[in-house]
Amino acid sequence: MKIILYGAGQRGIKIAEVLQENNIEIAGFCDSNKKGSKSIKIFPLDGINSSEYVFVVTIADCTQRMEVRNMLQNRGNRVLTVEDILCSQTDVVKKNREIIADYHQNRMDSYFDAAESIEGIQAFWSPESPFMGYFKKLNIEKVVELACGKGRHVPQYIDGAKEITLVDILEKNIDFCKQRFQGYDKISYYVNNGYDLSGIESESQTALFTYDAMVHFEMMDVFQYLKETYRILSVGGKALFHHSNNTEDYRITFLTGTGGRNYMSKQLFAYLANRAGLTVLEQRVIDWGKKDLDCITLVEKQQNQVEEAGS
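Parameters and conventions
Residues numbered from 1 in each chain as written. Predicted model: local features only at pLDDT ≥ 70, side-chain atom pairs only at ≥ 80, totals over all residues. Heavy atoms only, no water. Helix = DSSP H or I, 4+ residues; strand = E, 2+ residues; numbered from the N terminus. Buried < 20%, exposed > 50% of the residue type's maximum accessible area, 1.4 Å probe, protein only. Lys, Arg positive; Asp, Glu negative; His and termini not counted. Salt bridge = Lys/Arg side-chain N within 4 Å of Asp/Glu carboxyl O. Polar contact = N/O pair within 3.5 Å; in protein donor to acceptor, adjacent residues only side chain to side chain. Arc of directions from axis to C-beta. Contact = heavy atoms within 4.5 Å. Axes fitted to C-alpha atoms, helices over the stretch in contact; angles between N-to-C directions. Parallel < 35°, antiparallel > 145°, perpendicular 65-115°, else oblique. Left-handed = near helix turned anticlockwise from the far one by under 90°. Nonpolar A, V, L, I, M, F, W, Y, C, P; charged D, E, K, R; others polar. Phe/Tyr/Trp six-rings, centres within 6.5 Å; stacked < 30°, edge-to-face > 60°. Lys NZ or Arg CZ within 6 Å of the ring centre and 35° of its normal. Pairing = 2+ DSSP bridges. Right-handed = clockwise from strand over helix to strand, strands pointing away.

Draft legend 1. Highlighting the side chain of Asp168. Positionally, Asp168 belongs in strand 6 (residues 163–168). Within the buried core, Asp168 has no salt-bridge partner, and the shortest N-O distance to an opposite charge, that of Lys172, equals 9.4 Å. Engagement of the side chain of Asp168 in a polar contact is seen with the backbone nitrogen of Gly149, the distance being 2.8 Å.

This is the structure we're talking about:
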C-alpha cells in the first residue's frame, strides 16, 4: 500500500513526520496549491493510479478536508484516515494518547517557551480573563494541577495554596518542575498514565484545575479524569476544566482537529461530568484562534451526590 498525503502544508508535514516515526513510509504529497521541492514530492492528481495508492487527506480546514475527501472518493480513489493507518492493530484511544504525549515530548519546546511570555500568562491570569473569574471560586488549600507542563501557572497561585500536587504524563515536565520549584516543600509531584489519578488519595483535595491541555484529550480519557476528579475531591471541592468545544468532524483527533482540538463540546462535557457524579456550576464558550473553539467548565462535588452514590 502506497500512501499519498493530500495537503502539503504544515498539517501535512506534521502528519508525515508522525507516520514516518511509526515506521510508515509515504510516497509523497498531492496538493493543488503547491509545486513541491527537493524535500517534498508533489504528485499530479491525474497521474495517480487509484489501485496502487491510497490517500490520507491532511488539509487543516475541516470543510475543505471533507470536500477533498468526497472528490477523491468520487474519482474512485481509496481514502483512509490517519487513525486507519496508525491504529490498525491497536486501540485508537491508547494510540492517540501516545501520539499526544510523544508530540508534547518532542515538538513542543518552542510552544512551552512562548507560553511563558507575558501574553501567554495573561490569557489565563489577567483580571479580565474568564479563567481568572472561575479560578477565584476554587478553594486551593489542597489543589491538583492536571497536565501541568513546565509549571508556568504555579507562580500565579502558589502563595494562596497550602498543598499543591503537580501531575503530568511526561516525566521530563515533572523533572523540570522539581528543579524549578525546588525551594518549596508544599509541592508534590506525580507522573501519571494519561487517564487516571490513582496516585492521589480519595477525598483528599479541595480543588483541581487544568489549562491548555485537556483540549487535546480523547473523550474517553476526559471521562476517566472526571470520574477521578469526583473520587479525589472532598465534598464541596470544585474543579475547573479548559476543554475543547470542537465538533467539526466526529473523526477528528489531536492530529487532525483545528488547533489540535479533539472531539468535544460544551454539552457533551456537561453530560460526562454529570455521569461522573459532578454538578456543573458554570460553563463559558471562548474563542481560541477560532470562534467558539474552546470551553471553560466549573464543577463541584456536592453532598447530596455523595449520599446518593453511597445508598
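Draft legend 2. Expanded view of helix 6 (residues 118–125). Among the residues making up helix 6, those that are buried are Gly120, Ile121, Phe124 and Trp125. The arc that holds every buried residue of helix 6, seen down its axis, measures 110°, which confines them to one face. With respect to the buried face of helix 6, the exposed residues turned more than 90 degrees away are Ile118 and Glu119. On its buried face, helix 6 is in contact with helix 5 (109–115), helix 7 (130–135), helix 8 (154–157) and strand 9 (233–244).

Draft legend 3. Molecular detail of the packing of helix 10 (residues 219–232) against helix 11 (residues 266–275). It is the contact of helix 10 with helix 11, at a shortest axis distance of 9 Å, that shows an interaxial angle of 40°. Judged by the inter-axis angle, helix 10 sits oblique to helix 11. Here helix 10 and helix 11 pass one another in a crossing that is right-handed. Of helix 11, the residues touching helix 10 (which contributes Met219, Val222, Phe223 and Leu226) are Leu268, Phe269, Leu272, Ala273 and Arg275. Residues belonging to the contact of helix 10 with helix 11 are distributed by class as follows: eight nonpolar, no polar and one charged.

Draft legend 4. Expanded view of the packing of aromatic side chains. Tallying each qualifying case throughout the model produces 18 aromatic pairs. Arranged with centres 4.6 Å apart and planes meeting at 55°, the rings of Phe124 and Phe131 form a pair that is tilted. Overall, Phe124 belongs to the buried group, its relative accessible area being 1%. The exposure class assigned to Phe131 is buried, which follows from its relative accessible area of 1%. Here the aromatic residues Phe124, Trp125, Phe131, Phe135, Tyr157, Phe209, Tyr211 and Trp288 are joined through ring pairs into a cluster of three or more. If you follow Lys14 out to its NZ or CZ, it ends over the ring of Phe254, 5.6 Å from the centre.

Draft legend 5. Here's a closer look at the pattern of salt bridges. Tallied over the full model, the rule gives 15 salt bridges. Across the salt bridge formed by Lys137 and Glu282, the nearest N and O atoms sit 2.3 Å from each other. Linking Lys137 in the loop between helix 7 and strand 5 (142–146) with Glu282 in strand 10 (residues 279–286), this pair joins segments that are 145 residues apart in sequence. For Glu282, a relative accessible area of 28% corresponds to the partly exposed category. One salt bridge connects Asp212 with Arg152, and the closest N-O pair in it is separated by 3.0 Å. Separated by 60 residues along the polypeptide, Asp212 in the loop between strand 8 (205–210) and helix 10 and Arg152 in the loop between strand 5 and helix 8 bring together distant segments of the chain. Here Asp212 matches Arg152 in class, with each residue buried. Put simply, Arg65, Glu248 and Lys290 are held in one network by salt bridges that share partners.

Draft legend 6. Main features of the sheet that holds strand 4 (residues 78–80). One open sheet accounts for four strands, arranged 2-1-3-4; its pairing is parallel. Whereas interior strands pair on both sides, the edge strands pair on one side only; in this sheet they are strand 2 (28–30) and strand 4. Going from strand to strand, the sheet's axes swing by 40° on average, the running direction of each strand aside. Across three bridges, the pairing between strand 1 (residues 2–6) and strand 2 is parallel. In the sheet register, Leu5 faces strand 2, and the bridge partner there is Phe29. Contacts between helix 1 (residues 10–21) and the sheet are confined to strand 1 and strand 2, with strand 1 contributing the most and set at about 155° to the helix. With respect to the sheet, helix 2 (residues 62–74) is in contact with strand 1, strand 3 (53–57) and strand 4, its orientation differing from that of strand 3 by roughly 165°.

Draft legend 7. Fine view of the environment of Ile4. Examined against the element boundaries, Ile4 turns out to sit in strand 1. Take Ile4: its relative accessible area is 0%, and that puts it in the buried class.

Draft legend 8. Region of interest: the pairing of strand 3. For strand 3, the tally of buried residues reaches five of five residues, placing the bulk of the element in the interior. Residues Tyr53, Phe55 and Val57 of strand 3 are buried on one face, and the alternating residues Val54 and Val56, pointing to the opposite face, are buried as well. Sheet topology places strand 3 next to strand 4; three bridges connect them, and they run parallel. Pairing of Val54 across the sheet is with Arg78, part of strand 4. Following the backbone out of strand 3, through helix 2 and into the adjacent parallel strand 4, one traces a crossover that is right-handed.

These values are about where atoms sit, not about what they do.
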